[in-house]
Amino acid sequence: MRILVLGGTSFVGRAIVERALVGGADVTLFPRGQTNPELFPGAARRVGDRASGNYSSLRSGGEWDAVVDVSGYVPRHVQQSADSLRDGVGRYLFISTIMVHDVAGDHEGRLVWNEDAPRLPPLRDTERLTRETYGPLKVACEDEVFARFGARATVVRPGIVAGPHDPSDRFTWWVRRAARGGRVVLPGRPVQPVQVVDVQDLAALVWQLLVDDRPGAFNAVGPAEPTTLAGLIEACALAADADVDIVPVSARADTPQLPLVEASVAGQRLFRLSATRARECGLPATPLVTTAAKVLAWDRRRGETPLTQGLTPEQEAELLSR
């Protein structure tokens, strides 16, 4: 199988490329050449820049059985990549997000959301990525993919993705904090649902969808067994062989935001998505404690560099003192 990956050297794309190479695929990367340029020396490269619309390396010709679009965030990205590829591609698999789902309304009391749940209105008049625009922009991207490729279109909607090389620090912070043990402050509800998918599970699903040439949309969320914030912290502690005592505290206006803690009802509904369709089509079910152990080992190998998320020890001590 000849695969073109738009991106492929950071986190999710990196895992997808690794899985495709293990599967024997002939992989071509379309990176900017700035992130981890030493990765995958055996893979062909067509360097470009989606931000500036530089697709000249793709217009020089080439045919692929499938394209995996990891780096499309605004509809222009999909439009320009499709125009550049023309008829040189079979299936177009787009990495979207669960944030496309419109979970703010009640929608007939729906408790579990599948791929047919309502989406947000598409957004096309801005390219500014914020928490508010991210989902609607991805909806517009999905619409472009389905409109241009029809039965050759596949959309994968990951939830919170965790694993080695994660630049977001959302899951890594909890792994590192639980590994220290002791009293862990939680300015949120311990029973709040939370969904985290292992990046290698996500990559395995993408690979299987390509192998099966399968169209449609798929929610890629995990773990297989529903869990809560308290369950996630305990799984991270188990991976580190640490003992933790979870201390819930009331959040105030000045309380720092913790990753994966959602104050709004709508935000918590995003952790109630169904992965049934994806599991039937090849999404594995790595236990959360296994994912945590992999992240812990990777974080320690890299020297536990400073994180962009979470509380400092001083902030946590102040919250505990309340």
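Here the structure is a predicted model, which is why all the values come from computation and not from measurement. (Residues numbered from 1 in each chain as written. Predicted model: local features only at pLDDT ≥ 70, side-chain atom pairs only at ≥ 80, totals over all residues. Heavy atoms only, no water.)

(A) Quick look at the overall build of the protein chain. Secondary structure summary: the protein chain contains 11 helices and 13 strands in total. Its C-alpha atoms give the protein chain principal-axis dimensions of about 65 × 45 × 35 Å. Out of the 322 residues belonging to the protein chain, those deemed buried represent 52%. A fraction of 77% describes how many contacts in the protein chain between residues 6 or more apart in sequence connect residues 24 or more apart. (Helix = DSSP H or I, 4+ residues; strand = E, 2+ residues; numbered from the N terminus. Buried < 20%, exposed > 50% of the residue type's maximum accessible area, 1.4 Å probe, protein only. Contact = heavy atoms within 4.5 Å.)

(B) Structural context of the layout of surface pockets. In this structure, the largest pocket occupies an estimated 1500 Å³ of space. Around the largest pocket, the lining comprises 50 residues; the ones closest to its centre are Y73, Y134, P167, S168 and R170. If you list the elements that add at least two residues to the lining of the largest pocket, you get helix 1 (12-22), helix 4 (131-149) and strand 7 (160-162). Looking at side-chain class alone, the lining of the largest pocket contains 23 nonpolar, 19 polar and eight charged residues. (1 Å grid on protein atoms, 1.4 Å probe; cavity = no way out; pocket = protein on both sides within 12 Å on 5 of 7 lines; lining within 4 Å. Points joined across faces, edges and corners; volume = space filled by probe spheres on them. Nonpolar A, V, L, I, M, F, W, Y, C, P; charged D, E, K, R; others polar.)

(C) Region of interest: empty space enclosed by the protein. Summed over all chains, the structure comprises one cavity of 30 Å³ or more. Approximately 30 Å³ is the volume found for the largest cavity. In this structure, the largest cavity is lined by V196, V197, D198, D201, V221, G222, P223, R279, P284, A285 and T286. Of all the elements, strand 10 (residues 196-198) adds the most residues to the lining of the largest cavity, at three residues. The residue inventory of the lining of the largest cavity, partitioned by class, reads six nonpolar, two polar and three charged.

(D) Structural view of the nonpolar core. Ranked by internal contacts, the top residues of the largest apolar core, which has 43 residues, are V68, V156 and V206. Those elements giving two or more residues to this core turn out to be strand 1 (2-6), helix 1, strand 2 (26-30), strand 4 (64-69), strand 5 (89-95), helix 6 (199-211) and strand 11 (216-220). With eight residues, the single largest contributor to this core is helix 6. Residues in contact with V156, not counting those within four places in the same chain, are L93, F94, I95, S96, T97, L202, L205, V206, L209, F218 and A220. (Core = buried A, V, L, I, M, F, W, Y, C linked by side-chain atoms within 4.5 Å.)

(E) Looking closely at the pairing of strand 4. Among the six residues in strand 4, five count as buried, and that is most of the element. Sheet analysis places strand 1 next to strand 4, joined by four bridges and oriented parallel. Its bridge partner being in strand 4, V5 is matched across the sheet by V68. The pairing of strand 4 with strand 5 spans five bridges and is classified as parallel. Residue pairing across strands places D69 opposite F94, the latter belonging to strand 5. (Pairing = 2+ DSSP bridges.)

(F) Highlighting the environment of V156. For V156, the position within the fold is in strand 6 (residues 153-158). As for V156 and S84, which are separated by 72 residues in sequence, their C-alpha atoms are 22 Å apart.

(G) Broad picture of the pairing of strand 6. Within strand 6, six of the six residues are buried, leaving the element largely enclosed by the surrounding structure. Covered by surrounding structure in strand 6 are A153, V155 and R157 together with T154, V156 and P158, the residues of both alternating faces. By the bridge criterion, four bridges tie strand 5 to strand 6 in an arrangement that is parallel. For Y92, the partnering residue across the bridge sits in strand 6 and is A153. Across five bridges, the pairing between strand 6 and strand 11 is parallel.

(H) A look at helix 6. A rise of 1.5 Å per residue sets the reference length of helix 6, with its 13 residues, at 18 Å; its end C-alpha atoms lie 18 Å apart and thus fit the reference within 8%. Along helix 6, 10 of the 13 residues are buried, which leaves the element largely enclosed by surrounding structure. All buried positions along helix 6 are accounted for by V199, D201, L202, A203, A204, L205, V206, W207, L209 and L210. At the N-terminal boundary of helix 6, the capping side chain belongs to D198, with an oxygen 2.8 Å from the backbone nitrogen of Q200. (Expected span 1.5 Å × (residues − 1). Polar contact = N/O pair within 3.5 Å; in protein donor to acceptor, adjacent residues only side chain to side chain.)

(I) Molecular detail of the packing of helix 7 (residues 229-240) against helix 10 (residues 288-301). Two numbers describe how helix 7 lies on helix 10: the axes approach to 8 Å, and their chain directions differ by 55 degrees. Our classification of the angle between helix 7 and helix 10 gives oblique. For the crossing formed where helix 7 meets helix 10, the hand is right-handed. Across the interface between the two elements, L232, A235, C236, L238, A239 and A240 of helix 7 pack against L288, V289, A292, A293 and L296 of helix 10. Here the residues of the contact of helix 7 with helix 10 are counted per class, giving 11 nonpolar, no polar and no charged. (Axes fitted to C-alpha atoms, helices over the stretch in contact; angles between N-to-C directions. Parallel < 35°, antiparallel > 145°, perpendicular 65-115°, else oblique. Left-handed = near helix turned anticlockwise from the far one by under 90°.)

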